[in-house]
Amino acid sequence: MTLIETQNLDFSFNKGEAVLKGINLNVKEGSIYGFLGPNGSGKTTTIRLLLGLLPSKKDKIKLFGQNLQADRISIFSKIGSLIEQPSLYEHLSGFDNLEITRRIRNASKNRIDKVLQLVDLKPASQRKVREYSLGMKQRLGLAIALITEPELVILDEPVNGLDPNGIIEIRELLLKLNKENGITIFLSSHLLSEIEKIVTHVGVLSKGEMVFQGRYNDLKELQNNSATIHIETSDNQKSLDMLARKYPSTFSENSHIGLRYQNKEQIATICRILVESSIDVYRMQVVDKDLENIFLEITKN
Amino acid sequence: MQNIIKVISTEFLKSKKTFAWWLVILGAGFMPAFVSFVFLSKWKHLVPQQGHNPWEDFTEMSSKGLGFLYMPFFVVLLTCLFLNIEHKNNTWKHVFTLPVSKNYVYFSKLTALLLFIIMFYILYIPIWIGCGFMVGLIKPELQLTTYVPDYLLLLSICFHSFIASLGIVAIHFWLSLRFKNMIIPISIAVLCGIIWVALYQGRSEQINYFPYSYNYSTVSPPNWITLKMFGIFPQHELFSILYFIIFSILSHRYFMRSFKS
């Protein structure tokens, strides 16, 4: 079942430049969907539209197969969300913040203890939120989002500003919620490295346009396809001429030549061609592009 | 119905440990304490003549103080503080993603604010009576323990004062939604306070259309205007209700259509 679906979603704040251009989101039940893009690409605007915080045209957004504008209350009863910095009443305790949402969402009283335990905030639950660290506030925001055991959690930059330990804690928690409770998670980030360890699906947004959407493995496939072999020899020009006949992708760069990597047998073949032509091989190296670079390339183009 | 009661109860929880609560508690105690201080320090001038109920003076001084200096600004400050809880904590976006209609959110906020103001009167009445009797015990010459206050008059003053406040409640509810910086609505209230004093000093007939004057007009009707009564309500209190309806409609429309989190 598709939990989030948008059809050609456009948005502009003024009549001028469009912030979002024809976004088609497709988030399946049970997935952890990483919504990626550099700062200012339109991630938060998309999330605000999904949560009805910005006006959208009719029938453009469907959650749980229902129209957002027509079935807002029914949809929101199944969603927990955390937008940008968590919305917290800083003069109240963590417990009171949870109690406010619990009453409105009609959750049972024992849920407060459960979610406090889940985010490891029980000992600090009676302290005022203004005394919390950023990581604690993020965890409390997450606890508020989870108070009714939602089917879908929408999180905007949930690890933004956290230290490495905090990032790991949130990541593990999200993974646990997805695996053990079957909660579908939609989370945005501007850094792929922050979420690549947990996502099953990825959508990449650049300048308001969706430039990639698919399984995380598809993104990794892109990584494999972009690996190159760097070769340094005693005669790079001669090697380039010889290899270009067999591998048209061969190119020359600084002190080495390069060509697209296909498989390990290819390395043996290249070696043989060069040695048989009396060319000394000083270095042969397979260079992978990391996902971060692929992400940057996608968003740059 | 059960849902709206739950939402209203969260409004009270949100206001916990804020200055709004202190404003209600201290506010309810301030005027009776101030009048008690005046009675104790100037008691020689206030000893009642034979057969005169001293509670009448105690009532007049308290209610004029309440209407003049206090009630308009108390209501304005309370309204601003109440709505500022969401503005200050940037929590509107959370409120709007809860499974509650915007209508519920609007009406629960307005109802909770009105309940807060009613709570002020509920606290004011026993504190006022207690202060009066305490002054009577300290200075028996004032005979406040010999006589009893006119409880019906006291309740009537509080009821009419509440009705007279409704206009500025709705105006400042609307202003506090429109302007997230609470200095703006408070400055408007101060300016309107100055205009009211000018209208009063100038014995202007237009004072009847100026909502910031209604509280004082209730406890001390301007003697240059013929007091028109409509049932139990004087004309300015009906205007207060009218202002309340008009500005509540305005703020509701604004909240439903244009208000941004």
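Residues numbered from 1 in each chain as written. Chains lettered and ligands numbered in written order. Predicted model: local features only at pLDDT ≥ 70, side-chain atom pairs only at ≥ 80, totals over all residues. Heavy atoms only, no water.

**Some remarks on the packing of aromatic side chains**
All names here are of chain B.
- Enumeration according to the criterion identifies 36 aromatic pairs over all chains in this entry.
- Taken together, a centroid distance of 5.7 Å and an interplanar angle of 25 degrees make the contact between Trp92 and Phe96 stacked. Phe96 shares its class with Trp92; the two are buried.
- Between Tyr106 and Phe173, the ring centres sit 5.5 Å apart and the planes meet at 85 degrees, which makes this aromatic pair edge-to-face. Of the two residues, Tyr106 sits in helix α6 (residues 102–138) while Phe173 sits in helix α7 (residues 151–178), which places them 67 residues apart along the sequence.
- Residue Phe173 is classed as buried on the basis of its relative accessible area of 1%.
- Taken together, the ring pairs connect Trp92, Phe96, Tyr106, Phe107, Phe173, Tyr254, Phe255 and Phe259 into an aromatic cluster.
- The ring centre of Phe96 lies 4.8 Å from the NZ or CZ of Lys102, which sits over that ring.
- Directly above the ring of Phe255 sits Lys102, whose terminal nitrogen or CZ lies 5.8 Å from the centroid. (Phe/Tyr/Trp six-rings, centres within 6.5 Å; stacked < 30°, edge-to-face > 60°. Buried < 20%, exposed > 50% of the residue type's maximum accessible area, 1.4 Å probe, protein only. Helix = DSSP H or I, 4+ residues; strand = E, 2+ residues; numbered from the N terminus. Lys NZ or Arg CZ within 6 Å of the ring centre and 35° of its normal.)

**Quick word on the domain arrangement of chain A**
Residues and elements named next belong to chain A.
- For chain A, the domain assignment lists domain 1 (2–215) and domain 2 (226–300).
- Put simply, the middle of domain 1 and the middle of domain 2, counted by C-alpha atoms, are 44 Å apart.
- On the side of domain 2, five residues touch domain 1, which itself brings 13 residues to the contact.
- Counting every contact that joins domain 1 to domain 2 gives zero salt bridges.
- Only α7 (192–195), β11 (201–206) and β12 (209–215) provide two or more residues apiece to the side of domain 1 that touches domain 2.
- Class assignment of the residues belonging to the side of domain 1 that touches domain 2 gives a composition of eight nonpolar, four polar and one charged. (Domains from an automatic or database assignment. Contact = heavy atoms within 4.5 Å. Salt bridge = Lys/Arg side-chain N within 4 Å of Asp/Glu carboxyl O. Nonpolar A, V, L, I, M, F, W, Y, C, P; charged D, E, K, R; others polar.)

**A look at the sheet that holds strand β6 (residues 61–63) of chain A**
All names here are of chain A.
- A sheet is described by the order of its strands in space; here four strands give the open sequence β4-β1-β6-β7, paired in antiparallel fashion. The sheet is open, and its two edges are formed by β4 (26–28) and β7 (66–67), each paired on a single side.
- Pairing between strand β1 (residues 2–6) and β4: three bridges, direction antiparallel. Residue pairing in the sheet places Glu5 in a bridge with Asn26 of β4. (Pairing = 2+ DSSP bridges.)

**Observations regarding the side chain of Asp96 of chain A**
- Here Asp96 of chain A is to be found in helix α3 (residues 94–105).
- With residues near it in sequence (within four places) discarded, Asp96 of chain A still touches Leu13 and Lys16 of chain B.

**Remarks on α3 of chain A**
- With 12 residues, α3 of chain A extends 17 Å between its outermost C-alpha atoms, agreeing within 8% with the 16 Å of an ideal straight helix rising 1.5 Å per residue.
- Across the 12 residues that make up α3 of chain A, a large majority, 10, are buried.
- The inward-facing, buried residues of α3 of chain A abut α2 (72–76), β8 (79–82), α4 (110–118) and α5 (134–145) of chain A together with α1 (2–14) and α5 (92–95) of chain B. (Expected span 1.5 Å × (residues − 1).)

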